[in-house]
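Architecture at a glance
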Protein chains: 4
Amino acid sequence: MRKPGRHFLQIPGPTNVPDRILRAMDMPTMNHRSPAFGELGLRVLTGIRTIFKTERAVAIYPASGTGAWEAALVNTLSPGDKVLMYETGHFASLWRSMALRLGLEPEFIAGDWRRGVDAARLGERLAADKDHAIKAVCVVHNETSTGCTSSIPAVRAAMDAIGHPALLLVDTISSLGSIDYRHDEWGVDVTVGGSQKGLMLPPGLSFNAISAKALDAAKTATLPRAFWDWTEILASGETGYFPYTPAINLLYGLAEAIDMMHEEGLEQIFLRHDRHAEATRRAVRGWGLEILCQEPEHYSSALTAVLMPEGHSADAFRRVVEEQFDMTLGNGLSKVADRVFRIGHLGDFNDLMLMGTLSGLEMGLERAGVPYRKGGVQAALDYLAEPVN
Amino acid sequence: MRKPGRHFLQIPGPTNVPDRILRAMDMPTMNHRSPAFGELGLRVLTGIRTIFKTERAVAIYPASGTGAWEAALVNTLSPGDKVLMYETGHFASLWRSMALRLGLEPEFIAGDWRRGVDAARLGERLAADKDHAIKAVCVVHNETSTGCTSSIPAVRAAMDAIGHPALLLVDTISSLGSIDYRHDEWGVDVTVGGSQKGLMLPPGLSFNAISAKALDAAKTATLPRAFWDWTEILASGETGYFPYTPAINLLYGLAEAIDMMHEEGLEQIFLRHDRHAEATRRAVRGWGLEILCQEPEHYSSALTAVLMPEGHSADAFRRVVEEQFDMTLGNGLSKVADRVFRIGHLGDFNDLMLMGTLSGLEMGLERAGVPYRKGGVQAALDYLAEPVN
Amino acid sequence: MRKPGRHFLQIPGPTNVPDRILRAMDMPTMNHRSPAFGELGLRVLTGIRTIFKTERAVAIYPASGTGAWEAALVNTLSPGDKVLMYETGHFASLWRSMALRLGLEPEFIAGDWRRGVDAARLGERLAADKDHAIKAVCVVHNETSTGCTSSIPAVRAAMDAIGHPALLLVDTISSLGSIDYRHDEWGVDVTVGGSQKGLMLPPGLSFNAISAKALDAAKTATLPRAFWDWTEILASGETGYFPYTPAINLLYGLAEAIDMMHEEGLEQIFLRHDRHAEATRRAVRGWGLEILCQEPEHYSSALTAVLMPEGHSADAFRRVVEEQFDMTLGNGLSKVADRVFRIGHLGDFNDLMLMGTLSGLEMGLERAGVPYRKGGVQAALDYLAEPVN
Amino acid sequence: MRKPGRHFLQIPGPTNVPDRILRAMDMPTMNHRSPAFGELGLRVLTGIRTIFKTERAVAIYPASGTGAWEAALVNTLSPGDKVLMYETGHFASLWRSMALRLGLEPEFIAGDWRRGVDAARLGERLAADKDHAIKAVCVVHNETSTGCTSSIPAVRAAMDAIGHPALLLVDTISSLGSIDYRHDEWGVDVTVGGSQKGLMLPPGLSFNAISAKALDAAKTATLPRAFWDWTEILASGETGYFPYTPAINLLYGLAEAIDMMHEEGLEQIFLRHDRHAEATRRAVRGWGLEILCQEPEHYSSALTAVLMPEGHSADAFRRVVEEQFDMTLGNGLSKVADRVFRIGHLGDFNDLMLMGTLSGLEMGLERAGVPYRKGGVQAALDYLAEPVN
């Protein structure tokens, strides 16, 4: 049976693609060796720097985000290199698995999936690495599985405090364009991004923002690489072209997305996400439910993961919401499977869409027979009704 | 500044056009004399009958709804003919103005814009018309300016009770596909419809469903007519073609719309609209505001018009909602200008979109400084959370 | 079975709608009472004047071209008025039928469908109308059924020579935006236009450009009118709005079309059409076939109608071309049914599309067993290969 | 200045994307973990097998074709492995460079870029490899830089004749869906494909079809791999899902493309490409120009590369065609830069588009002052006009 109206896709990515972007992509493909393509190429290659807040070249891959993780590793590291990773959740764990498969030696600082990186612990571990065996520190900025955001400046400060020379690699796949991020200012060496979250595009593009230090490291790194190799990508990127066929129609969309982000204003976008996240947390507390993230300073502005009351299945609840209110929520992954559901409130989103989302949650709790208090929606509404400067 | 997320277009039409329909129209235009067009023509000309619930041919005009009003009059009436019309609101008044301009003699039963047709009053007037000078009774099924729906079976019964031979012409522009309507069963002679409301299309198509009696009347009616003339339209329609160039791409969309309506089910669509209207009224009452329509049995399931508290401007309120929450509400028209605002809850719509809409209203009342009670959104939410069979 | 590649729609309208226009229309519908709509309205209402080359307001109807014919007549004439029309072909005949139905008294100067208006004959008839009983002269600028274009300045001159006060009404449905046309300079009173030819839009919009004299005539004209009435349309048009729901999404496309026409340049567009028409005629002569239009100065730059060799069916030929080469040609209408086929070479079109079209014709002649000489395609190619300006 | 009409994109890929496919992709993105996605996943994962003509699972990567080259190598080979490659042209050379970078030891059988693989030479080299040091033979089925197609059955036969156990890896990026190809029947171990040629999609998807022997090899292959690793991709593919975010909207298009290919029929598609290639060669010979490919049995049905007359620049010619006739031709790559131009006649293409293309070439030769004979277009036209079976 047809479900009327628009589906509410409230997962933490892929996010709703705006009509302007879909229509920009819905155009004939072009010759990626033509002068017209060169103009488009320069436009997106220059524009994307403003999103990462970097003055340097960014590599754009015709591949989804996982590929850009691999690119960050194979361009900077050599077989057997030690890398220090931090278990913020499922995606940090997946990145660690990838490092293992690629022949690196990841060390994983254990976490409980309820907070971001503890920069002090990270600093202690690095301090113990007197001979600098650790070649890279890998951190997920916004852990999509838990709704915890880590402070990258704190990580940088911890590394700087002891003068550790490891590279700093950061995954911003689910924060870029939603939560403030500054590649250059924060001294990140490789930032990994993807298209299908804050950039409001379908999946299929991913990114590496790269520091001078990372480029230097690439000169001696010996992990085999070809598709992901920065050398030709950055070289041909200077003229707006790509060394192999790019994902042309997604690049049409990227150009439009960058324009749209500047029309709204990056700082404005971040404030909007902060405000929607706060409204969501007020709703969750209003219902008497528990937010997975236990450190307020780590609350994610892109998504909120919520713990189900003991004895209730998060997946069963999500099914009720999907079937009866045509809204998709994110599921709990791995360690928290069926224990949490995740509410995406990122990308092309506004107050009324959020209120529809939270209403679907409150009605879903009622219909699914989950113990809750009424009033979460009202709490969010009261907050959002307050004037915004 | 770009406004993020989807705009909430909560006017009583044009309504949100679903992506499936937009995409169906986003196709190359074709030769309207080709066999392929003939297939499309037959598909929509046959399919549209199921929406009007008629076994007879329906005329499809490449024109917006006002044109189909004119078609209904010029095909059935002659200069100087008396027509009885009923002042349910702004659109009934406009139809009357059109009748005047076309050289008819409309008589207007006065109304207070707060209820639908009083069939008893109508019956009395017809009973007084002993010599049957009145050639047609014109009624607006769902008065878009007031949110009052009239009972067409009651009108028919009043006419039948005294055996008055006038034609019954009904405007369903804002009810067709949203509120139950039965052209044949209810004995309507001409039903006027448009594309941009319950049919979920952009404006640009309009319709006449036509009884055998209306067709007979057309044989002797002498108002000049050419573009609107049923004769050639119905004749060529039998083979799937049109006497002049049809609005081809809108017909692509119409074919898709009819399919979508049957996928959901017409009866299911009507129940959905009823339920959303009831939720909306509960919210309005929850805020302590007054619904314009005073007869519960006349409540419209397509829209709700709300009176502003004395001393407050509805238009100022609408501007706050538009600017601060990116939602468009319908304005008060003519007699009720600036006194009411109208909430459209028709077309391609669902529970969460309605909750977003009502939330925008409650937040707008707060921001605009309009006196209201909190709790309207909660009241609607409580109602919608109840299980639907 | 699916036919690969793009269909060649080589009828004289509807024409190929460019992707930019289709995508502009493939957007959410908006409130036609909103400030944003007002901006769009002003943009198209101002822009369309540049296409008609008029300084005055143009009425835009949410209806196809036939409606704008009716608008031209009912706004300026009264029942029983004499109008002088000229039989250039099928569409002139249809316009005459419409005049008859509307209660006018058309007089039809007979033609042989092989040339445009003979201004001298027209002048003679007007000269004989000493008491100025003729209230309007109606001429089709580009007769779509025959491929003959009439000189409007010659018609105007003939009227001026004898000082006849009749209004001059001109149909430019298949010439506007393809063949030079100047509403003000040529002293036309009402120009009728449509969206689906040179404007590159789907059908569903039509136009009246209106002189001051026509507006004066409207004040006393008594044909009943409502939907087509200029009064409210022009009044509300001053602010960018429409008196009833406009065909919103087609207006999105119109705004884009006007921009695109100015990007190419109107004079450039006319030269392009002239050049393609000449290439087509060279091909037709190369095949040894006869062009329907017998006056070289009346050759249409929008389409070419071709006579089939005696004993051969034009419709059978068209079917071969359709089935075997996926190209649609225009059929012969009424008097020339099955005797001619028509080649549309107007709208969004270029040299290579024309060469594809002409190749399809030459291959179709071969496959259909029609007697012809080879070399038509080569003749066109040789012409197009010559340097332009 | 705007160029009117449709651009002719006559490069050997990316090819023209049909409207049906663009519109299928122009839809909201979905949750790639939802049941609805699982259905789509199964549909494309099953459907793509019919295109490769394999009964086994095909890996679909959210990456462009170069990535699938890498996937074929890293899943089956180990550092230092010898691979035998054949210099058919530029793309074979690029694949060899990739093998080098990944730490393999490619041996390159030299070629003159004017023919496909000489299976006898390949067989001789393999016969000399008594101890089976060569682990894989890598061949480009259709060399996009030269327009030469190699016989894969001949390669297979040469390997079988001496019982050499090397894997057979074949690149079909520019042949799949255009030229007959049979992964299972021809005993290929890994077939590499891409989306932007015969599949009629934009770039962004690529494929590995995989034999049981290749899967076995993967168990012991030790090149590091993660993103490209078949294991999880094939495992999750069994249920219609992907191990990481797939390029969702491109998959919408892939589903549509596979349907469209079966609607036309694969064998019919191959015949169409053969016929268009033959027509193109007749035109080239008609102009007195030389086809790069010197072996008629190696002529490609997807593209034709043409040698410029001595002393004339192919790039200057291409610029004339681009600027004056709005058609993009493929450039000569590396060894044949500026010496050849390439005509793509693959993908969503038909007779009239080809005639437009060839007309643009003949007119371009004239305008560019390249020595040529008239009559190429006529020769192609005469051929295409002949009845097809």
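Reading the values: rules and limits
Residues numbered from 1 in each chain as written. Chains lettered and ligands numbered in written order. Predicted model: local features only at pLDDT ≥ 70, side-chain atom pairs only at ≥ 80, totals over all residues. Helix = DSSP H or I, 4+ residues; strand = E, 2+ residues; numbered from the N terminus. Rg over C-alpha atoms; globule rule 2.2 N^0.38 Å. Buried ≥ 20, exposed ≤ 12 C-beta atoms within 10 Å, placed from the backbone. Contact = placed C-beta atoms within 7 Å. Axes fitted to C-alpha atoms, helices over the stretch in contact; angles between N-to-C directions. Parallel < 35°, antiparallel > 145°, perpendicular 65-115°, else oblique. Left-handed = near helix turned anticlockwise from the far one by under 90°. Nonpolar A, V, L, I, M, F, W, Y, C, P; charged D, E, K, R; others polar. Domains from an automatic or database assignment. Pairing = 2+ DSSP bridges. Core = buried A, V, L, I, M, F, W, Y, C linked by C-beta atoms within 7 Å. Expected span 1.5 Å × (residues − 1). Least-squares fit on C-alpha atoms with pLDDT ≥ 70 in both. UniProt positions renumbered as here; feature names shortened; annotations may be inferred.

Before going further, it helps to spend a moment on the overall build of chain A. For chain A, the helix and strand inventory stands at 13 helices and 14 strands. A globule of 389 residues ought to have a C-alpha radius of gyration of about 21 Å, and chain A, at 21 Å, matches this closely. The burial tally for chain A puts 61% of its 389 residues in the buried class. Partitioning the intrachain contacts of chain A with sequence separation of at least 6 by distance along the chain shows that 73% fall at a separation of at least 24.

Turning next to the environment of D:W113. Positionally, D:W113 belongs in the loop between β4 (105–109) and α5 (119–128). If sequence neighbours within four positions are ignored, D:W113 has contacts with D:G89, D:T146, D:K335 and D:V336.

Running from N to C, helix α12 (residues 351–368) of chain A and helix α12 (residues 351–368) of chain B point in directions that differ by 120°, and their axes come no closer than 7 Å. Judged by the inter-axis angle, α12(A) sits oblique to α12(B). Considering how the two elements wind past one another, α12(A) and α12(B) form a crossing that is right-handed. Seen from α12(A), the contacting residues are A:L352, A:M353, A:M355, A:G356, A:T357, A:S359 and A:G360; seen from α12(B), they are B:L352, B:M353, B:M355, B:G356, B:T357, B:S359 and B:G360. Its residues assigned to classes, the contact of α12(A) with α12(B) shows six nonpolar, eight polar and no charged.

All names here are of chain A. The domain architecture assigned to chain A consists of domain 1 (8–15 + 265–385) and domain 2 (20–262). For domain 1 and domain 2, the distance between their C-alpha centres works out to 27 Å. The biggest single contributor to the side of domain 1 that touches domain 2 is helix α10 (residues 266–286), with four residues. Partitioned by chemical class, the residues of the side of domain 1 that touches domain 2 number 14 nonpolar, eleven polar and four charged.

With 42 residues of chain D at the interface, the matching set in chain A holds 42 residues. Among the elements of the structure, α3 (65–76), α4 (90–101), α9 (248–264) and β13 (327–331) of chain D are those that each provide at least two residues to the side of chain D that touches chain A. Residue contributions to the side of chain D that touches chain A peak at four residues, all from α3(D). Split into classes, the residues belonging to the side of chain D that touches chain A amount to 21 nonpolar, 16 polar and five charged.

On to the interface of chain C and chain B. Each partner contributes to the interface: chain C provides 43 residues, whereas chain B provides 42 residues. Within the residue set of the side of chain C that touches chain B, elements represented by two or more residues are α3 (65–76), α4 (90–101), α9 (248–264) and β13 (327–331) of chain C. A total of four residues in the side of chain C that touches chain B trace back to one element, the largest contributor, which is α3(C). A class-by-class count of the residues in the side of chain C that touches chain B yields 22 nonpolar, 16 polar and five charged.

Residues and elements named next belong to chain D. Counting buried residues along strand β8 (residues 167–171), five of its five residues qualify, which places the element largely inside the surrounding structure. The pairing of β8 with strand β9 (residues 190–194) spans three bridges and is parallel. Looking at β9, one finds that D171 is bridged to V192.

Counting residues in hydrophobic clusters, the biggest one holds 540 residues, and the most contacted among them are A:V137, B:V137 and C:V137. Setting aside residues up to four positions removed in sequence, A:V137 forms contacts with A:L84, A:V155, A:M159, A:A166, A:L168 and A:L169.

With that settled, the discussion passes to helix α9 (residues 248–264) of chain B. All names here are of chain B. For α9, with 17 residues, the first-to-last C-alpha span of 25 Å sits near the 24 Å given by 1.5 Å per residue. Taken together, the buried positions of α9 are I248, N249, L250, L251, Y252, G253, L254, E256, A257, I258 and M261. Buried residues along α9 sit against α1 (19–25), α2 (35–52) and α10 (266–286).

For the rest of this paragraph, the subject is the relation of the copies chain D and chain A. Overlaying chain D on chain A yields an RMSD of 0.0 Å, the required transformation being a rotation through 180° with an accompanying axial translation of 0.0 Å. Overall, the copies show the geometry of a two-fold rotation axis. It is D:A63 whose C-alpha, among those of chain D, lies nearest the rotation axis, at 2.1 Å. A share of 100% of interface residues in chain D that are also interface residues in chain A marks the association as one of identical surfaces.

In this section: the sheet that holds strand β11 (residues 290–291) of chain C. Residues and elements named next belong to chain C. Spatially, five strands are ordered β1-β13-β14-β12-β11 in an open sheet, and the strand pairing comes out mixed. One side of each edge strand has no neighbouring strand; the edge strands of this open sheet are β1 (8–10) and β11. Pairing analysis gives three bridges linking β1 to β13, with the strands arranged parallel. The residue bridging L9 from the neighbouring strand is T328, located in β13.

All names here are of chain D. As summarised here, the arrangement of the five strands in space is β1-β13-β14-β12-β11, forming an open sheet in which the pairing is mixed. The sheet is open, and its two borders are formed by β1 (8–10) and β11 (290–291), each paired with just one other strand. Sheet topology places strand β12 (residues 303–307) next to strand β14 (residues 340–344); five bridges connect them, and they run antiparallel. Note on β14: the bridge partner recorded for L307 is V340. Relative to the sheet, helix α11 (residues 314–325) contacts β13 and β14, its axis offset from that of β13 by approximately 160°.

The next point concerns the UniProt feature "domain: Aminotransferase class V" (unreviewed entry) in chain A. Sites flagged by UniProt as "domain: Aminotransferase class V" (unreviewed entry) map to residues 48–323 of chain A. Taken as a whole, residues 48–323 of chain A contains 41% helix and 17% strand, while its terminal C-alpha atoms sit 38 Å from one another.

Before going further, it helps to spend a moment on helix α13 (residues 376–385) of chain A. Of all the positions in α13(A), only A:G376, A:V377, A:Q378, A:A380, A:L381 and A:L384 are classed as buried. Looking at the buried side of α13(A), the elements it contacts are α10 and α12 of chain A together with α12 and α13 (376–385) of chain B.

Residue and element names in this part refer to chain A. By the criterion of burial, strand β14 (residues 340–344) is predominantly enclosed, with five of the five residues buried. Neither face of β14 is open: one carries V340, R342 and G344, the other F341 and I343, and all of them are buried. One ladder, built from two bridges, connects strand β13 (residues 327–331) with β14; its direction is antiparallel. By the bridge assignment, G330 is partnered in β14 with R342.

Turning next to unusual backbone geometry. Residue B:P14 is bonded to the preceding B:G13 through a cis peptide linkage, with omega at -5°. Along the chain, the position of B:P14 falls in the loop between β1 (8–10) and α1. Phi is positive for A:D338, close to 70°, though the residue is something other than glycine. Looking at A:D338, the number of C-beta atoms within 10 Å reads 15, which means it is partly exposed. For B:S334, which is not a glycine, the phi torsion comes out positive at approximately 50°. When you line up the elements, B:S334 lands in the loop between β13 (327–331) and β14 (340–344).

A few words on the packing of helix α12 (residues 351–368) of chain D against helix α13 (residues 376–385) of chain D. All names here are of chain D. The geometry of α12 relative to α13 is characterised by a closest axis approach of 9 Å and an angle of 165° between their N-to-C directions. Between α12 and α13, the angle is such that the two are roughly antiparallel. The hand of the α12/α13 crossing is right-handed. Mapping the contact onto sequence places D351, M355, L358, S359 and E362 in α12 and G376, V377, A380, L381 and L384 in α13. Of the residues assigned to the contact of α12 with α13, the class counts are six nonpolar, two polar and two charged.

Residues and elements named next belong to chain C. Here Y241 is to be found in the loop between α8 (230–237) and α9. Residues Y241 and L122 lie 119 residues apart in sequence; the distance between their C-alpha atoms is 40 Å. Residues in contact with Y241, not counting those within four places in the same chain, are G38, G41 and S236.

This part is about the environment of C:T146. Examined against the element boundaries, C:T146 turns out to sit in the loop between β6 (142–143) and β7 (148–149). Separated by 57 residues in the primary sequence, C:T146 and C:G89 have C-alpha atoms spaced 6.4 Å apart.

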